[in-house]
Amino acid sequence: MDKILYAVLLITLFAACEKDINFNLKDSSTLLVVDASIENNQPPVVILTKSLDFYGTIDPGLLFNSFVRNADVRISNGRLTHKLKEYGRQVIGTDSLYYYSIDSANLATAFS
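Just so we're clear, the structure is a prediction, and the values are computed from it rather than from any experiment.

Visitor: Could you give an account of the environment of Phe111, naming the residues involved and the relevant values?
Guide: Secondary-structure assignment places Phe111 in the segment after strand 6 (95-101). Sequence spacing of Phe111 and Arg74 is 37 residues, and the spatial spacing of their C-alpha atoms is 12 Å. When near neighbours in sequence (up to four residues on either side) are disregarded, Phe111 contacts Ile75, Ser76, Asn77, Leu80, His82 and Ile102.

This is the structure in structure tokens:
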């Protein structure tokens, strides 16, 4: 009898923990997304993209077009400021991923 009571109590507990959650997401303007990796003894890597619609359909063309190109990206350690250079890496056909990192032609302001 005790086992049946515990089973009913357990089922009731799990059934009572269920709740519907609805989000009312509004359309928003496109935002700049900054993904940066800056670590000691490693070159900085900064990826700039535009935000995508949460419920939108995503395809490779949309992803590749979300990269922000020709941006003026600078990093500073409080003493030196270094302008990063844009690099592209071809991944599929003519589509490329773009990121910003140390400009090896201008190492005078580079720091680690």
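Next comes the rest of the write-up.
Visitor: An account of the packing of aromatic side chains is needed here, citing residue identities and associated values.
Guide: Within the structure shown, the criterion is met by two aromatic pairs. With a centroid separation of 6.4 Å and 70 degrees between ring planes, the pair formed by Phe67 and Tyr98 is classed as edge-to-face. Placement of the pair is Phe67 in the loop between helix 2 (60-65) and strand 3 (74-76) and Tyr98 in strand 6, with a sequence separation of 31 residues. Ring geometry for Tyr87 versus Tyr99: centroids 5.7 Å apart, planes at 25 degrees, classification stacked. Placement of Tyr87 in strand 5 (residues 85-92) and of Tyr99 in strand 6 is noted, with a sequence separation of twelve residues between them. Among the residues examined, Tyr87 registers a relative accessible area of 22% and is labelled partly exposed.

So, how was this worked out
- Residues numbered from 1 in each chain as written.
- Predicted model: local features only at pLDDT ≥ 70, side-chain atom pairs only at ≥ 80, totals over all residues.
- Heavy atoms only, no water.
- Helix = DSSP H or I, 4+ residues; strand = E, 2+ residues; numbered from the N terminus.
- Contact = heavy atoms within 4.5 Å.
- Phe/Tyr/Trp six-rings, centres within 6.5 Å; stacked < 30°, edge-to-face > 60°.
- Buried < 20%, exposed > 50% of the residue type's maximum accessible area, 1.4 Å probe, protein only.

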